[in-house]
Amino acid sequence: MAIIDINPDSDTFGDILQDVPVGKNVLMHHPFYNQAGSKIYNTALEGERLYRVNLHESTIFDISPIDTGSCIVGEDMYFSKNGDRFYLTCMGSDKIIIFDGNTDRKIGEILSDKTQNPDAFVKYPHGISADETIDRMIVTETVSPALEDPGTTVSIIEYSTGKVLPNIELLQDENTPSSPVEVQFHPKQHVAYVSGMLDGTIWVLDWNEETKTFDTKLVDDGKTRDQNKPLDITFGPHGNMYVSFATPGVVNEYSLEDPKQPKLLRTLPAEHGAHHILFSPDNQYMFVQNNLLNLEGINAGTISVVDFKTGNLITTLDKFTEQGMMIESLDILEDNSQNLKVTTPGI
């Protein structure tokens, strides 16, 4: 893991302030803060599947593995609102691991094999989000770790019990699997948004209180603008939604004035492989990490710095690529807004 200065006004802008080796054959992936912002965790595709990152005064002093049992390929996390538990999707072992939020110990699993339960299953889980007030969790069926057998559905889970309910298919064209990759619930509405990685689509899942399930709607197709591989979904300035498209490498800003029908406002620049999105605390800058699994053509390995007001690219941070590093993900340190926590797969 590394800490990088991303303050454009700093004398050390773009410099690696700290680079901490995690271990041999460890491929760190996504950093996540818990609900209170008091702990940092980092998922891993290889090595241990989850790590606790301990910091003091913006310095990493320890990175400790957490026992994840039979988890293979740790991907995304969800933290309960009350902080008592958190969840980890395991894309290579078709399960979601549940942990105690205080002790970090594994306390349960959510799984349902497709061969035994063809209508209600968990397979290749990646994205995860929950709306606890309606007692539902959504998990995406993405693709195998070998990038084969792409999925077309999302798993619907009763949050309070972990019971897997019937899956919902998100498919625009039978010849092109959507491979749903990320899901996020609206912060205030019972509406979820899902990105279809392989068909360039954005979907809305609108909670139907009468039927106790979700009504689905295709709300955007990036292919009509030569955009594909939508990845990250995040909420940012003005309450809008921001979605990265790895091809050609852009971020779309959508108005959520009508949460059930996002409206495209503008397209912001990045580079091929546009993936994770961050905003500076004052919303002056947008930062985009440009790399998806080091795959050819979508692996710029850089960080784009965009003036959010004008929408113009200010600069591209690429010092780390010159050192053989390819940024995997990124997050801003809670205790120092001028620094950025960045995970890398190593040199």
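Residues numbered from 1 in each chain as written. Predicted model: local features only at pLDDT ≥ 70, side-chain atom pairs only at ≥ 80, totals over all residues. Heavy atoms only, no water.

## Considering the overall build of the chain
Line of reasoning, step 1. From N to C terminus, the chain includes 1 helix and 28 strands.
Line of reasoning, step 2. Relative to a compact globule of 347 residues, whose C-alpha radius of gyration would be 20 Å, the chain shows 19 Å and is just as compact.
Line of reasoning, step 3. Referenced to the eigenvectors of the C-alpha coordinate spread, the extents of the chain come out at roughly 55 × 45 × 35 Å.
Line of reasoning, step 4. Across the chain, every contact between residues at least 6 apart in sequence was considered, and the portion connecting residues at least 24 apart equals 46%.
Line of reasoning, step 5. For the chain, the exposed area adds up to about 14,500 Å²; of that, 45% sits on carbon and sulfur atoms.
Line of reasoning, step 6. Between the mean site of the 25 positive side-chain charges and the mean site of the 52 negative ones, the chain shows a separation of 4 Å. (Helix = DSSP H or I, 4+ residues; strand = E, 2+ residues; numbered from the N terminus. Rg over C-alpha atoms; globule rule 2.2 N^0.38 Å. Contact = heavy atoms within 4.5 Å. Areas by Shrake-Rupley, 256 points an atom, 1.4 Å probe, with all protein chains shown as cover. Lys, Arg positive; Asp, Glu negative; His and termini not counted. Charge placed at Lys NZ, Arg CZ, Asp CG, Glu CD.)

## What to know about the confidence of the model for the chain
Line of reasoning, step 1. Per-residue pLDDT for the chain has a mean of 91; in total, 96% of the residues score no lower than 70.
Line of reasoning, step 2. Ignoring residues within four places in sequence, the model shows residues 341-347, a span with pLDDT below 50, making 41 contacts including any to other chains. (pLDDT = per-residue confidence, 0-100.)

## Re the sheet that holds strand β6 (residues 59-65)
Line of reasoning, step 1. Strand order in the open sheet made by the 4 strands is β3-β4-β5-β6, with antiparallel pairing throughout. Two strands close off the open sheet at either side, each with one partner strand: β3 (27-33) and β6. For this sheet, the mean angle separating the axes of adjacent strands, direction not counted, is 30°.
Line of reasoning, step 2. Of the strand pairs in this sheet, strand β4 (residues 40-46) and strand β5 (residues 50-56) are connected by 4 bridges, and their pairing is antiparallel. Looking across to β5, one finds that Asn42 is bridged to Tyr51. (Pairing = 2+ DSSP bridges. Axes fitted to C-alpha atoms, helices over the stretch in contact; angles between N-to-C directions.)

## As for the pairing of strand β24 (residues 285-290)
Line of reasoning, step 1. Here β24 lies mainly inside the structure; 6 of its 6 residues are buried.
Line of reasoning, step 2. Burial along β24 is two-sided: the face carrying Tyr285, Phe287 and Gln289 and the face carrying Met286, Val288 and Asn290 are both buried.
Line of reasoning, step 3. Counting the residues in the hairpin turn of strand β23 (residues 274-279) and β24 gives 5 residues, including Asn283, whose phi is positive at 60°.
Line of reasoning, step 4. Relative to strand β25 (residues 302-307), β24 runs antiparallel, the two being bridged by 6 bridges. Considered in β25, the bridge of Tyr285 is made with Asp307. (Buried < 20%, exposed > 50% of the residue type's maximum accessible area, 1.4 Å probe, protein only.)

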